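Below are the chains, spelled out letter by letter.
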Amino acid sequence: MATPADDLSTPAPSRDMVAVALRRILPDESVLADDESVRPYECDGLSAYRRLPLIVALPNTVEQVCEIARCCRDLKVPLVARGAGTGLSGGALPLENGVLLSLTKFTRILDIDPANRTARLQPGVRNLAISEAVSHLDLYYAPDPSSQIACTIGGNVAENSGGLHCLKYGLTVHNILELKVVTIDGELVTIGGQALDAAGYDLLALMTGSEGLLGIIVEVTVKLLPKPECAKVIMASFDDVEKAADAVGNIIARGIIPGGLEMMDNKAIRAAEDYVHAGYDTEAAAIVLCELDGTPEEVDDDIRRVEEVLQRGGCTDLQLARDEAQRMAFWSGRKAAFPAVGRISPDYYCMDGTIPRKRLGTVLNRIDALSEESGLRIANVFHAGDGNLHPLILYDGNKPGELELAEEVGGKILELCVEVGGTITGEHGVGIEKINQMCVQFNAQELTQFHAVKEAFDPGRLLNPDKAVPTLHRCAEFGAMHVHKGNSKFPNIERF
Amino acid sequence: MAEHLQAGSTDHDAAAELAAAVSETVAARRPLRLIGRDTKAFYGRHVEGQVLDCACHTGVVNYEPTELVLTARAGTPLRDIERLLADNGQALAFEPPAFGDTATLGGTIACGFSGPRRPYAGAARDFVLGARIVNGRGEVLSFGGQVMKNVAGYDLSRLMVGALGGLGVLLDISLKVLPRPLCEHTVMFPLTQHEAIARMNEWAGRPLPVSATCCTDDRLYVRLSGSENGVRAALRDLGGEVVSDASEFWRTLREHQHPFFQHAGPLWRVSVAQATPPLALPGDCLIEWGGGLRWLKSDAAAAVIRAAAAAAGGHATLFRGGDRGGEVFHPLSPALFALHRNLKRALDPEGIFNPGRMYDGV
Ligand SMILES: Cc1cc2nc3c(=O)[nH]c(=O)nc-3n(C[C@H](O)[C@H](O)[C@H](O)COP(=O)(O)OP(=O)(O)OC[C@H]3O[C@@H](n4cnc5c(N)ncnc54)[C@H](O)[C@@H]3O)c2cc1C
């Protein structure tokens, strides 16, 4: 696939030159500088985009990261940070003239503070490892992306990742206290603190979700929460997707914020049921999974109220998981939805738009129409509580043109999300994948403001350049190909 | 939807006027002092500048209870928003203090103030989903949105929270709102501060429906919020003496009308890691936020108070009183200060918005 042209005009230093410079900082085996050894880093979770990096650097101390940053700054070599490489938007896609900085050696849990309920972590600690390490204290780390076995806390911060429980417990940005960040000048900066707030601007919020464009995260302090005493899950079937969506709204209208509130459409239900035999109703047009957690008394109160709402909303079937095993089974289908869909199609492309929930009916109908028009099947899983939609577009990469078609359909879905008042990405980030759609969501002045913010941290544009925020030039080109609703958003920019 | 929009305040869209006023000032490079109703004039460093009145930009633009999202213009009175939400069984879960009947939403967000529920539900910044601003070039820009999850572009709307107007004029703000708890009770325990801090943190490690804590005069107050049966079970579990008229207690605490705050000298806001034992500082102290927030009436030297705060992982603000021309906020490390200066320049290149309100030079 064609990747966006890198418009860095300075002649790139050679691989040998950079390798020599980095080997002054790192042991030889921590600098990978031949095609064979750098190939495992050619892509992240968005495998349709691949590119070999110039060099891979594998530091294991913060001091080394500082020196690598200074070295890259002096040589004017771009630097792309990488955690586990599970990102779904090509954020960790390497640059052929750049260093890929892998943080996988930073796997230490530096400190667990039970009294303050915090943990201080190196950036390469896996998300699930945090909760495992504090489980004996009856604590856990709340954000739980489905990739939690593999993805790192550094990557979670860089993407502001969410999970199945973020309606109630928040995203990464709500669950961290302090970051240590290495700037492109090789300076170590502490952002946030061990208290609930910090002096100055909220740089903690700014860094979260900045996709490796502002600094390298080398330490994270997370908040830990007490494990809920009790959790119960209800599964309801609906013969109509809109009815299901309304029921979700009505649960919230009753003043209940469930621990998890998810929805799947029939294609996703069937794929998941085939794969993990979760006990799903394969005849249903949609199922809603609603988990209530808290003290047993709270959960009992809420279960009663949710059942009533779902019944009134016209569900065709209602099941309360009878025990922990069945609760896990109900969730297993949802958690395995992506790989399950992977079994029914050679390839799939996962989208990540967020919409106001009340527009779900419209959006699903339009997605159906796009599916029909393109001939590509689309399955929908939905973080229904917070309006985050994951349409999975099924395609076959071996059929000429199908990937491009899938991307085109995906782009249209994202633009549809913007049109109904939503956003092109709820939790997977822009990366390289949605860079064109950024031109639809933001105007030239807003994008220019983003570039100015980047400049405040990285004037040489060396940290993960050309990701997340498109140049105006790029938007002008995209606009020329793709005039949005009959009028370009960039009328004043020269076309090239 | 329309029936939800009767906020009581007059609706006036002054975005164009505010942007034009900024553009004019940019050309003249005159500093502006941004105000809503100026109820927080006491907070931050002293600013010289021509007043830009943002209170004229009023009205709830969008509110849909089932979406849990409210968008309002920055000049909308906080009281109006709270009333509208209450009519729909919802609330701003960060329980912002108003510090004055006329306080606006914009001023509240610019100061980043949160009330008693903060450690248990989140801070003002946690509930901001999007903002429309005027930057220092006089451009009207939108960041974030009206949906719960949004990672497109840098999070500049959250960056505005607590920036004291230094990075832009807030026009419209979208907030996540939450249902009001069905049931609420407060209990009191006679405990020393030392014991109270330990107790609050022990409870915070258990899944209890605690929604506010305060320790003053050797009494620990704990508010429980949630479903009827959930709160009742927690009451049985914790014990303590039930406090009547508790909502008035929490209100006066939030608004600094509690007798503790009747005091003319300097008031310090010391924010520390929650389980930090009582600070060895002279003066009277009231503790909130599960131990994370210590209000201190003290004439001790700023350096002494700041050193104690920093040693406990936090920072100290001269919240009221004292010298408003000096360092009011905790000094930043040189590298962090450089980032602040660069960011200020990125959003406000001519330095016209509230110059020096936070730090000298930003
Ligand atoms: C099957 C599957 C399910 C998923 N489910 C979810 C889900 O439920 N919710 C969700 O939000 N996401 C989900 N994801 C996406 C992905 O797992 C998350 O975005 C995750 O946070 C990425 O972490 P990582 O360590 O793999 O980061 P990477 O992919 O290595 O990097 C992601 C981005 O972060 C930057 N980065 C990484 N580490 C650092 C650092 N230390 N400092 C600075 N920048 C850094 C990179 O440059 C890149 O831009 C899923 C992915 C897969 C494959």
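Residues numbered from 1 in each chain as written. Chains lettered and ligands numbered in written order. Predicted model: local features only at pLDDT ≥ 70, side-chain atom pairs only at ≥ 80, totals over all residues. Heavy atoms only, no water.

A.B. asks: Go over the overall build of chain A, please, and point to the residues and values.
C.D. replies: On a plain count of helices and strands, chain A comes out with 17 helices and 19 strands. A globule of 496 residues ought to have a C-alpha radius of gyration of about 23 Å, and chain A, at 23 Å, matches this closely. With respect to the three principal axes, the spread of C-alpha positions in chain A is 65 × 60 × 45 Å. Counting contacts in chain A only where the partners sit at least 6 residues apart, residues at least 24 apart contribute 71% of the total. (Helix = DSSP H or I, 4+ residues; strand = E, 2+ residues; numbered from the N terminus. Rg over C-alpha atoms; globule rule 2.2 N^0.38 Å. Contact = heavy atoms within 4.5 Å.)

A.B. asks: Got a sec to walk through the overall build of chain B? Specific residues and values, please.
C.D. replies: Helix and strand counts for chain B come out as 11 helices and 17 strands. Over its C-alpha atoms chain B spans a radius of gyration of 21 Å, differing by no more than 12% from the 21 Å that the globule rule assigns to 362 residues. Taking the principal axes of the C-alpha coordinates as reference, chain B spans close to 60 × 55 × 35 Å. Residues classed as buried in chain B amount to 63% of the 362 residues present. By sequence separation, contacts in chain B at least 24 residues apart represent 68% of the contacts at least 6 residues apart. Accessible surface computed for chain B: about 12,700 Å², of which carbon and sulfur atoms make up 50%. (Buried < 20%, exposed > 50% of the residue type's maximum accessible area, 1.4 Å probe, protein only. Areas by Shrake-Rupley, 256 points an atom, 1.4 Å probe, with all protein chains shown as cover.)

A.B. asks: How would you sum up the site of the ligand? Please name residues and give values.
C.D. replies: Residues and elements named next belong to chain A. In the region of the ligand, 32 residues are neighbours, and A81, G83, T86, S147 and T152 sit closest. Residue I217 places a main-chain N or O atom 2.9 Å away from a nitrogen atom belonging to the ligand. For the ligand, whose free accessible area comes to 970 Å², the fraction covered by protein is 93%. Every element with two or more residues in the shell around the ligand is listed here: strand 3 (79–82), helix 5 (153–159) and strand 10 (216–223). Top contributing element to the shell around the ligand by residue count: helix 5, with five residues. Across the shell around the ligand, the residue classes tally to 11 nonpolar, 17 polar and four charged. (Near = heavy atom within 4 Å. Polar contact = N/O pair within 3.5 Å; in protein donor to acceptor, adjacent residues only side chain to side chain. Nonpolar A, V, L, I, M, F, W, Y, C, P; charged D, E, K, R; others polar.)

A.B. asks: Provide a residue-level description of the domain arrangement of chain B, including the pertinent values.
C.D. replies: Interfaces are frequently sized by the accessible area removed from exposure as the parts join. Residues and elements named next belong to chain B. Taken domain by domain, chain B consists of domain 1 (1–180) and domain 2 (183–254). A straight line from the C-alpha centre of domain 1 to that of domain 2 covers 31 Å. In this assembly, eight residues from domain 1 lie in contact with nine residues from domain 2. Both faces combined, the contact of domain 1 with domain 2 buries some 750 Å², and carbon together with sulfur accounts for 51% of it. It is P116, R117 and Y120 that lose the most area in domain 1 upon contact with domain 2, and together they represent 69% of the buried surface on that side. One can count two salt bridges joining domain 1 with domain 2. In this structure, the salt-bridge partner of R223 is E95, at a minimum N-O distance of 3.0 Å. (Domains from an automatic or database assignment. Buried area = accessible area lost by both parts, 1.4 Å probe. Salt bridge = Lys/Arg side-chain N within 4 Å of Asp/Glu carboxyl O.)

A.B. asks: Go over the state of the cysteines with me, naming the residues and quoting the values.
C.D. replies: Enumeration according to the criterion identifies one disulfide over all chains in this entry. One disulfide bridge connects A:C439 with A:C475, the sulfur atoms lying 2.1 Å from each other. Where A:C439 bonds to A:C475 through sulfur, the torsion about that S-S bond is close to -80°, and the disulfide is left-handed. Of this pair, A:C439 sits in helix 15 (residues 435–441) while A:C475 sits in helix 17 (residues 472–481), placing them 36 residues apart in sequence. Cysteine B:C183 remains unbridged, with the sulfur of A:C230 as its closest cysteine sulfur at 18 Å. (Disulfide = S-S within 2.5 Å.)

A.B. asks: Give me the packing of aromatic side chains: which residues, what numbers.
C.D. replies: By the definition in use, this model includes 23 aromatic pairs over all chains. Geometrically, the ring pair formed by A:F442 and A:F450 is edge-to-face, given 5.0 Å between the ring centres and 80° between the ring planes. Taken as a pair, A:F442 and A:F450 share a single burial class, namely buried. Aromatic side chains B:F189 and B:W203 sit 5.2 Å apart centroid to centroid with 50° between the ring planes, which places their arrangement in the tilted category. Separated by 14 residues along the polypeptide, B:F189 in strand 10 (residues 183–190) and B:W203 in helix 7 (residues 193–204) bring together distant segments of the chain. Each member of the pair, B:F189 together with B:W203, is buried. An aromatic cluster is present here, built from B:F42, B:Y43, B:F99, B:F113, B:F260, B:F261, B:W295, B:F319, B:F329, B:F337 and B:Y359 joined pairwise through their rings. A cation over an aromatic ring shows up here: B:R118 above the ring of B:W289, its NZ or CZ 5.8 Å from the ring centre. A cation sits over an aromatic face here: B:R320 above B:F99, 5.1 Å from the ring centre. (Phe/Tyr/Trp six-rings, centres within 6.5 Å; stacked < 30°, edge-to-face > 60°. Lys NZ or Arg CZ within 6 Å of the ring centre and 35° of its normal.)

A.B. asks: Which residues make up unusual backbone geometry, and what values go with them?
C.D. replies: Residue and element names in this part refer to chain B. A positive phi is found at R29, a non-glycine position, where the angle reads about 55°. By secondary structure assignment, the location of R29 is in the loop between helix 1 (15–28) and strand 1 (32–35). Unusually for a residue other than glycine, D245 sits at a positive phi of about 60°. Mapped onto the elements, D245 comes out in the loop between strand 13 (241–242) and helix 9 (246–254).

A.B. asks: Got a sec to walk through the pattern of salt bridges? Specific residues and values, please.
C.D. replies: Taken as a whole and judged by the stated rule, the model has 47 salt bridges over all chains. Residue A:D35 is joined to A:R15 by a salt bridge in which the shortest nitrogen-to-oxygen separation is 3.0 Å. Of this pair, A:D35 sits in helix 2 (residues 35–38) while A:R15 sits in helix 1 (residues 15–23), and the two are 20 residues apart along the sequence. Beyond isolated ion pairs, a larger network of salt bridges with shared partners links B:E95, B:R117, B:E184 and B:R223.

A.B. asks: How would you explain the domain arrangement of chain A if you had to name every residue and give the values?
C.D. replies: Residues and elements named next belong to chain A. Split into domains, chain A comes out as domain 1 (15–102), domain 2 (109–226), domain 3 (230–339), domain 4 (345–419) and domain 5 (435–481). In this assembly, four residues from domain 4 lie in contact with four residues from domain 5. When domain 4 packs against domain 5, the two sides together hide about 320 Å² of surface, and 74% of this comes from carbon and sulfur. The tally of links from domain 4 across to domain 5 stands at zero salt bridges. Across the contact surface, domain 4 and domain 5 share one residue pair in polar contact (both at pLDDT 80 or more). Of the residues contributing to the side of domain 4 that touches domain 5, the split by class is two nonpolar, one polar and one charged.

A.B. asks: Break down the nonpolar core for me, citing the residues and quoting the values.
C.D. replies: With 204 residues, the main nonpolar core has A:L179, A:L206, A:V222 and B:I109 as its most contacted residues. A per-element tally of this core places helix 14 (residues 402–419) of chain A first, with seven residues. Excluding residues that lie within four positions of it along the chain, A:L206 makes contacts with A:L214, A:V453, A:F457, B:Y154, B:D155, B:L156, B:L159 and B:L343. Grouped together as the second largest cluster of nonpolar side chains are 28 residues, A:V31, A:V65, A:L103 and A:I216 included. (Core = buried A, V, L, I, M, F, W, Y, C linked by side-chain atoms within 4.5 Å.)

A.B. asks: Describe the sheet that holds strand 8 (residues 169–176) of chain B, listing the residues and the values that go with them.
C.D. replies: Residues and elements named next belong to chain B. The strand order 3-4-8-6-7 describes an open sheet built from five strands, whose pairing is antiparallel. If you trace the sheet from one side to the other, it starts and ends with strand 3 (60–64) and strand 7 (140–144), each paired once. For this sheet the average axis-to-axis angle between neighbouring strands, irrespective of direction, equals 10°. As defined by bridge partners, strand 3 adjoins strand 4 (residues 69–73) across four bridges and the pair is classed as antiparallel. By the bridge assignment for strand 4, N62 is matched with T71. (Pairing = 2+ DSSP bridges. Axes fitted to C-alpha atoms, helices over the stretch in contact; angles between N-to-C directions.)

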